[in-house]
Amino acid sequence: MGCDGGTIPKRHELVKGPKKVEKVDKNAELAAKWKYCALSQEKLRRPIVACELGRLYNKDAVIEYLLDKSAERPNVEIAAHIRGIKDVKELNLTDNPAWEGDRRNAKGDCYEDMHRAMFICPVVGLEMNGKHKFCYLQTCGCVFSERALREVKTEICHKCGDPFRDEDIVVLNGSKEEQEQLQKTMEERRAKAKAGKKSKKNKGLETVSKPVESEASSESTSTPVNGGGSSSGDSAPGPSGSSKTVKPVAAVGSKRSIQNMEGKSEAYKSIFTTHSSAKRSKDQISNWVTHTPYHF
Ligand SMILES: [Zn+2]
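As named in an unreviewed UniProt entry, the protein chain is Replication termination factor 2, taken from Pygocentrus nattereri.

Engineer: Explain the sheet that holds strand S1 (residues 48–51) here, please?
Structural biologist: To summarise the sheet geometry, strands pair through backbone hydrogen bonds and adopt either a parallel or an antiparallel arrangement. Taken in spatial order, the three strands line up as S2-S1-S3 in an open sheet, and their pairing is antiparallel. Edge strands, defined here as strands with exactly one partner in the open sheet, are strand S2 (56–58) and strand S3 (88–90). Direction aside, neighbouring strands of the sheet carry axes that sit 35° apart on average. Taken together, the three bridges between S1 and S2 define a ladder with antiparallel strand orientation. In the strand pairing of S2, Ile48 is matched with Asn58.

Engineer: Is there a simple way to think about empty space enclosed by the protein in this case?
Structural biologist: The rolling of a water-molecule-sized probe over the atoms marks out the regions of remaining empty space. Taken as a whole, this structure holds two cavities of 30 Å³ or more when the rule is applied. Considered as a void within the structure, the largest cavity measures approximately 50 Å³ in volume. What lines the largest cavity is Trp34, Lys35, Trp99, Arg116, Ala117, Met118, Phe119 and Met128. Its residues placed into classes, the lining of the largest cavity shows six nonpolar, no polar and two charged.

Engineer: How do you make sense of the coordination of the zinc ion when you look at a structure like this?
Structural biologist: Each donor-metal-donor angle in an ideal tetrahedron of four donors is 109.5 degrees, and each such angle in an ideal octahedron of six donors is either 90 or 180 degrees. Looking at the zinc ion, the protein donor atoms are Cys140 (SG), Cys142 (SG), Cys157 (SG) and Cys160 (SG), and they sit 2.2 to 2.3 Å from it. What the four donor atoms of the zinc ion show is an angle range of 105 to 114° at the metal, which sorts the shape as tetrahedral. The sequence pattern formed by the donor residues of the zinc ion is C-x1-C-x14-C-x2-C. Take Cys140 and Cys142: they sit in the same class, and that class is buried.

Thresholds applied
Residues numbered from 1 in each chain as written. Predicted model: local features only at pLDDT ≥ 70, side-chain atom pairs only at ≥ 80, totals over all residues. Heavy atoms only, no water. Pairing = 2+ DSSP bridges. Helix = DSSP H or I, 4+ residues; strand = E, 2+ residues; numbered from the N terminus. Axes fitted to C-alpha atoms, helices over the stretch in contact; angles between N-to-C directions. 1 Å grid on protein atoms, 1.4 Å probe; cavity = no way out; pocket = protein on both sides within 12 Å on 5 of 7 lines; lining within 4 Å. Points joined across faces, edges and corners; volume = space filled by probe spheres on them. Nonpolar A, V, L, I, M, F, W, Y, C, P; charged D, E, K, R; others polar. Donors = N, O, S within 2.8 Å, 3.2 Å for Na, K, Ca; no water. Tetrahedral: all angles 85-135°; square planar, octahedral: opposite > 155°, others 65-115°. Buried < 20%, exposed > 50% of the residue type's maximum accessible area, 1.4 Å probe, protein only.

And the structure:
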């Protein structure tokens, strides 16, 4: 705050200023999203494509990026989720008859230009300038305002007549929450596609990774000893074996200590780190991650 020198800031210095600045920036940023390629930052011009997260790009910028991903560019992280040209969809946009192109810019009429959009919704005529929500259909690439899609319920595209489903609608330049949702949908869809391609391979991987995951996420006292079956058998006489270690994973959620459970045999309890016999030499525990240093 800078009051160390004994200066007394006036109210307007602390409160009023920053708020105003932020508001202007936000508007400009919002408008820019609809006019410039998210990757190259150049003016959007046809062919324009959109990714699964609803960002707008010039197609040539995306192609350039895909051809040489290693080249140094600003903004590369924006396109990190684009693996190939199939991950973007060419948009079928509707020209705004009132758009005068760059001639307006030459006159220096910047304010007017910020709100004038190149494209409009073909159904209700709203301008695509960031003030209204717009969506595109992943099936055909046609772009509509959200109002049109909401008000005129349809299962075929208003513009080209292709059938589509609700999950084919992608919000363009959506809010943070909408983008997070799109990100989630994209990851799910990709995981599904991957699983479909090599389901056999994946099955094997899943069973291996599951116990590791649950172990890392559980920090309760009843954390089971790392599988490794045979090593736990050394210190624990009686029934060891991997089949036993699977059970406690489910018990972790209950947040009760295995050691206090009645009706469990001493041998069963001894396979957990909470048991008194669980103190090990360093080389024995080196293969799993401890959450606290107390085990040493
Ligand atoms: Zn269409």
